[in-house]
Amino acid sequence: ATTTATSETGGSVASPIYYRHVPRQPKKRKTTVLFGTSMTKYVREKLGFRGRKFINISQSGAKIKDIFHNVREFYTTHQAALNDDVEKIIFSFGTNDIKYSKSGVCHLRKLIDELVDMTKCLFPAAIILFQCCLPIRCMYPYTARNVVDFNNMLREICFFNNCVYIDCFSSFLTSDLNFCNKDLLS
């Protein structure tokens, strides 16, 4: 780029524009990490899709405390975290925490808030996404209410913490609110 200046003789002279501080492009992170439970254990993504990476750290029976531990361990040991290459973090949990909870789900809020705070601290540039708790087989009369209450709480936490809430609950229900495929819930 050039600018035009007037010389002492009255003629115009083209001079280049120099920037002292060249704005740098933000680092392009390419790794998406999924922390979940048995419901997401077998989720796979094509490797090398446009140079992107997908890492699934899901374990059967995981509760929020386990996910908390998994995030911390991933941060300290995995190459993507060490290289600051994490673009998105997806959380999918809740079923193992709420299905037997007789006292509701309010006690889980503090754990989720701590998980969000820790994740934002460890991965400040990452987009954090939470998948809603999916419908689960009603073992007890309070189970369905817990799922709904948990999802409402999670939606609120996402709103206040600038996280993304993925609501896929209705995809598992028919128009009359019955389960589409009861085999999915075993």
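This text goes with the structure placed above it.
This structure is a prediction, so every number in the text was calculated from the model and none was measured.

Enquirer: Could you clarify how one ought to interpret the packing of aromatic side chains in this entry?
Expert: Ring pairs (aromatic) are described by centroid distance and by the angle formed between their planes. One pass over the structure, following the stated rule, counts nine aromatic pairs. Aromatic pair Phe 35 and Phe 91: ring centres 5.7 Å apart, planes at 25°, arrangement stacked. Of this pair, Phe 35 sits in strand E3 (residues 31-36) while Phe 91 sits in strand E5 (residues 86-92), and the two are 56 residues apart along the sequence. Of the two residues, Phe 35 and Phe 91, both sit in the buried class. Through pairs of rings, three or more aromatic residues link up here, namely Phe 35, Phe 74, Tyr 75, Phe 91, Phe 93, Phe 123, Phe 130 and Phe 150.

Enquirer: Sorry, what's going on with the state of the cysteines here?
Expert: In protein chemistry, a disulfide is the covalent bond that joins the sulfur atoms of two cysteines. A full pass over the atoms with the stated rule returns zero disulfides. This cysteine, Cys 133, is not joined by any disulfide, and Cys 132 carries the nearest cysteine sulfur, 7.3 Å off. Exposure remark for Cys 133: the relative accessible area of 1% places this residue in the buried category. Unpaired in terms of disulfides, Cys 158 finds its nearest cysteine sulfur in Cys 163, a separation of 5.2 Å.

Definitions and cut-offs
Residues numbered from 1 in each chain as written. Predicted model: local features only at pLDDT ≥ 70, side-chain atom pairs only at ≥ 80, totals over all residues. Heavy atoms only, no water. Phe/Tyr/Trp six-rings, centres within 6.5 Å; stacked < 30°, edge-to-face > 60°. Helix = DSSP H or I, 4+ residues; strand = E, 2+ residues; numbered from the N terminus. Buried < 20%, exposed > 50% of the residue type's maximum accessible area, 1.4 Å probe, protein only. Disulfide = S-S within 2.5 Å.

Limitation: the analysis is restricted to geometry and does not speak to function.
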